[in-house]
Amino acid sequence: MRIPSPRAFRRARTPDVPLEVRLEVPPVAESPGPEVIAWARGLVKVYGSGQTAVRALDGVDVDFGRAEMTAIMGPSGSGKSTLMHCMAGLDSVTSGNVTVDGEVVSRMRERALTTLRRTRLGFVFQAFNLVPTLTAEENITLPLDIARRPVDREYFDSVVDAVGLRDRLGHRPSELSGGQQQRVACARALVARPAVVFADEPTGNLDSRSSAEVLGFLRHSVDELGQSVVMVTHDPTAASYAHRVLFLADGRLVGELRSPTPAKILAALGQLTGATTKAGPATEADADTAGPGSERVAGTGS
Ligand SMILES: Nc1ncnc2c1ncn2[C@@H]1O[C@H](COP(=O)(O)OP(=O)(O)O)[C@@H](O)[C@H]1O
Ligand SMILES: [Mg+2]
């Protein structure tokens, strides 16, 4: 099979009539109400110092909704992962503050942060990060076991059934497909009923069918279980599963889309990359094999 170049792919998928989307930076309140589960104010993150300093986040004010799925998009290097890491207490902030579920993450010490991450946050990474020697079930309950907290069997069952892993619970990761492994990772992130699930490119290693399953499940966890999900992705189809898409460029929040569709997201990204003057690939979608329409073009999974 001939694989079209990303450029050909983009041409083929660009709508005939260009979609106009208005990107505006959403206003934020000084102290957000209960509809907001996590927020950042004046968030700055600088890596390194002196000549080689990189301002990865340049004064971000952002709210993440409770029981909402928010996608974070933007060109490669725009600060998506940094924002997620600062929100989740995986990385320190240079200035500004971050609050998650009532805790001022940006002021917490490492020990308290570790407890917060273990007990109140869930994580899904591109690389699954399962423990190879443990079964699916043991991987799912691992965060609770480490925190020495009991497993709510009823909730465990509802999560396992939702991800469709009932008959795979005794399997080790090597005996599972990529999609199944990521569904184990999602179940692991959810089983402790965290305040927020943070997912960084959760479908980055999956084929389109497995991606749809994982994304459908993340969205289901929001709609049916009241979970709050923040997901970084460069895939417009993945982002279209979210209630809201936030766009970053050069470390700044530059706009949002509510009720996004892949076409609207593509149009927004087009406007953004047209507006940025950075050299090099405009988006990660250009840089790798995933077309903006987001079906995987090359054999990245399956
Ligand atoms: N640990 C680090 N040390 C130095 N620079 C970093 C580090 N992590 C990220 N950066 C830089 O910060 C910027 C934002 O990176 P990142 O948040 O990973 O972007 P994205 O996820 O949008 O691709 C980039 O210029 C990147 O090179
Ligand atoms: Mg990243």
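Residues numbered from 1 in each chain as written. Chains lettered and ligands numbered in written order. Predicted model: local features only at pLDDT ≥ 70, side-chain atom pairs only at ≥ 80, totals over all residues.

1. Notes on the site of ligand 1
- Residues in contact with ligand 1, as listed here, are Tyr47, Gly48, Val54, Ala56, Gly74, Ser76, Gly77, Ser78, Gly79, Lys80, Ser81 and Thr82.
- Those elements giving two or more residues to the shell around ligand 1 turn out to be β2 (54-65) and α2 (80-87).
- Broken down by element, the residue count for the shell around ligand 1 peaks at three residues, all from α2.
- Of the residues belonging to the shell around ligand 1, the class tally is three nonpolar, eight polar and one charged. (Near = placed C-beta within 6 Å. Helix = DSSP H or I, 4+ residues; strand = E, 2+ residues; numbered from the N terminus. Nonpolar A, V, L, I, M, F, W, Y, C, P; charged D, E, K, R; others polar.)

2. A word on the sheet that holds β2
- Pairing is antiparallel in the open sheet, where four strands are placed in the order β2-β1-β4-β5. Single-partner strands in this sheet number two, and they are β2 and β5 (103-104). (Pairing = 2+ DSSP bridges.)

3. Topic: the environment of Pro194
- Its place among the elements puts Pro194 in the loop between α6 (178-190) and β7 (196-200).
- Given 23 C-beta atoms within 10 Å, Pro194 falls into the buried group.
- Expressed as a C-alpha distance, the spacing of Pro194 and Arg120, which sit 74 residues apart in the sequence, is 4.3 Å.
- Apart from the residues lying within four places of it in its own chain, the contact partners of Pro194 are Arg120, Leu121, Gly122 and Ala189. (Buried ≥ 20, exposed ≤ 12 C-beta atoms within 10 Å, placed from the backbone. Contact = placed C-beta atoms within 7 Å.)

4. Some remarks on the sheet that holds strand β8 (residues 229-232)
- Pairing within the open sheet is mixed, and its six strands lie in the order β6-β7-β8-β3-β9-β10. The open sheet has two edge strands with one neighbour each: β6 (121-125) and β10 (252-258). Along the sheet, successive strands turn relative to each other by an average axial angle of 20 degrees, direction set aside.
- One ladder, built from four bridges, connects β7 with β8; its direction is parallel. By the bridge assignment for β8, Ala199 is matched with Met231. (Axes fitted to C-alpha atoms, helices over the stretch in contact; angles between N-to-C directions.)

5. With respect to the packing of helix α5 (residues 153-163) against α6
- Orientation of α5 relative to α6, taken along the N-to-C sense of each, is 155 degrees, at an axis distance of 10 Å. Between α5 and α6, the crossing angle belongs to the class labelled roughly antiparallel. Crossing of α5 against α6: the hand is right-handed. Contacts between α5 and α6 involve Val159, Val160 and Val163 on the former and, on the latter, Arg183, Cys186, Ala187 and Leu190.
- In terms of residue class, the contact of α5 with α6 is built from six nonpolar, no polar and one charged. (Parallel < 35°, antiparallel > 145°, perpendicular 65-115°, else oblique. Left-handed = near helix turned anticlockwise from the far one by under 90°.)

6. Overview of the pairing of β10
- Of the strand pairs in this sheet, strand β9 (residues 244-249) and β10 are connected by six bridges, and their pairing is antiparallel. From the neighbouring strand, Ala249 faces β10, where its bridge partner is Arg252.

Shape descriptors only; they carry no functional weight alone.
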